[in-house]
Amino acid sequence: MVTVQAAVVQDAPVAFDLDATLGKVDRLAAEAAAGGSELVVFPEAFVSAYPRGVTFGATVGQRTPEGRQLYRRYWESSIEVPGPATERIGAAAARHGIHLVIGVIERDRGTLYCTALTFGPDGGLLGKHRKLMPTGSERLVWGFGDGSTMPVHDTPIGRIGTVICWENYMPAMRMHMYSQGVQLYCAPTADPRDTWVASMQHIACEGRCFVLSANQFTRRSDYPADYPVDAEPDAVLSRGASVIVDPLGTVLAGPATGGPAILRAELDLGRIAEGKFDFDAVGHYSRPDVFELRVDQSPKRPVV
């Protein structure tokens, strides 16, 4: 029997403060690893902020100077991949001997991307996934990923893949992950609703994989005092609802909604084979004589 000790971190970064956030990543990784975890999953946009509730001063046909300044602040607290920040995160993974999946805001020239990074227990960056489709107003501040960053990593603890937030509602994206044999399906998110938990159960059943979804638990006080959201300091902006689900849709841990938390579960990878006995979305249940999916995994560069 192959088992994996896994943990999902539900907490808040030190928004717009890169150095402090990276320090918090190290502390939380240490806390998760102290329970014996081999895989630790952090939320979407943990380094260094999910800009919940702000407009960046943009309306149709108009942008404000204040909005541009807030975007600059966001850009300055983002990271390059690879770069000094990824070296620090990798060092934390190595120090605690864990596979680590974490949501970051990546900058590439003048554009920001919502990205998930995967590190091995030696601290090496195994790869990245840029969110293909930012949702709603996220498109104002995040660029679009392409098919070149949708990997599933074959590791000693299983095949790890990551799909960010509402990308999980894209059937073709899920099929691509299943076709790569994903076993440990990581779903960092910013969606704290009950419907999200139900979706994670559905995906676990559909993919016959373990699903680990991490969300931030944030209060207004987790953001700077001048952050342009009018709420009391103790007001909850995201309740979390992080969750771990097994390949038949059974919730193993969570959903956590009461505050910061580290969810833990022992994952028996043999349960994947049990699940695929009667359903394999990319195997005996796929009907390739009727359906076909083509995935373009080539990078799309503006200048060649």
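Rules and cut-offs
Residues numbered from 1 in each chain as written. Predicted model: local features only at pLDDT ≥ 70, side-chain atom pairs only at ≥ 80, totals over all residues. Heavy atoms only, no water. Helix = DSSP H or I, 4+ residues; strand = E, 2+ residues; numbered from the N terminus. Rg over C-alpha atoms; globule rule 2.2 N^0.38 Å. Buried < 20%, exposed > 50% of the residue type's maximum accessible area, 1.4 Å probe, protein only. Pairing = 2+ DSSP bridges. Axes fitted to C-alpha atoms, helices over the stretch in contact; angles between N-to-C directions. 1 Å grid on protein atoms, 1.4 Å probe; cavity = no way out; pocket = protein on both sides within 12 Å on 5 of 7 lines; lining within 4 Å. Points joined across faces, edges and corners; volume = space filled by probe spheres on them. Nonpolar A, V, L, I, M, F, W, Y, C, P; charged D, E, K, R; others polar. Patch = residues over 30% accessible without salt bridge, like charges linked within 9 Å, V, L, I, M, F, W, Y side chains within 5 Å. Areas by Shrake-Rupley, 256 points an atom, 1.4 Å probe, with all protein chains shown as cover. Salt bridge = Lys/Arg side-chain N within 4 Å of Asp/Glu carboxyl O. Contact = heavy atoms within 4.5 Å.

(A) Structural view of the overall build of the protein. Of regular secondary structure, the protein possesses six helices and 16 strands. By the compact-globule yardstick of 19 Å for 304 residues, the protein fits well, its C-alpha radius of gyration being 19 Å. Projecting the C-alpha coordinates of the protein onto the three principal axes gives extents of approximately 60 × 45 × 35 Å. Burial statistics for the protein: of 304 residues in total, 53% are counted as buried.

(B) The sheet that holds strand β2 (residues 39–41), seen in detail. Taken in spatial order, the six strands make up an open sheet running β7-β6-β5-β2-β1-β16, and their pairing is mixed. Each edge of the open sheet is held by one strand with a lone partner, namely β7 (125–130) and β16 (261–268). Going across the sheet, the axis of each strand differs from the next one's by a mean of 30°, ignoring polarity. For β2 and strand β5 (residues 99–108), the ladder comprises three bridges, and the chain directions are parallel. From the neighbouring strand, Val-41 faces β5, where its bridge partner is Val-101.

(C) Up close: the layout of surface pockets. Roughly 390 Å³ of volume is contained in the largest pocket. Around the largest pocket, the lining is made up of 16 residues, and of these Asp-108, Tyr-113, Arg-130, Lys-300 and Pro-302 lie nearest the centre. For the lining of the largest pocket, the secondary-structure elements that each account for two or more residues are β6 (111–119) and β7. Its residues assigned to classes, the lining of the largest pocket shows four nonpolar, five polar and seven charged.

(D) Molecular detail of a nonpolar patch on the surface. On the surface, a nonpolar cluster with roughly 270 Å² of combined accessible area is contributed by Met-175, Val-282, Leu-293 and Val-295. Tracing the chain through its elements places Met-175 in helix α4 (residues 171–179).

(E) Broad picture of the environment of Glu-31. Along the chain, Glu-31 turns up in helix α1 (residues 18–33). For the pair Glu-31 and His-96, spaced 65 residues apart in the sequence, the C-alpha separation amounts to 9.3 Å. Once residues lying within four places of it in the same chain are set aside, the contact partners of Glu-31 are Ile-262 and Arg-264.

(F) Examining the pairing of strand β15 (residues 251–256) more closely. Here strand β14 (residues 242–245) pairs with β15 via three bridges, running antiparallel. Bridge pairing in β15 links Ile-244 to Ala-253. Between β14 and β15, which pair antiparallel and follow one another directly, the connecting turn spans five residues, one of which, Gly-249, has a positive phi of 90°.

Take it as geometry only, folks, not as evidence of what the structure does.
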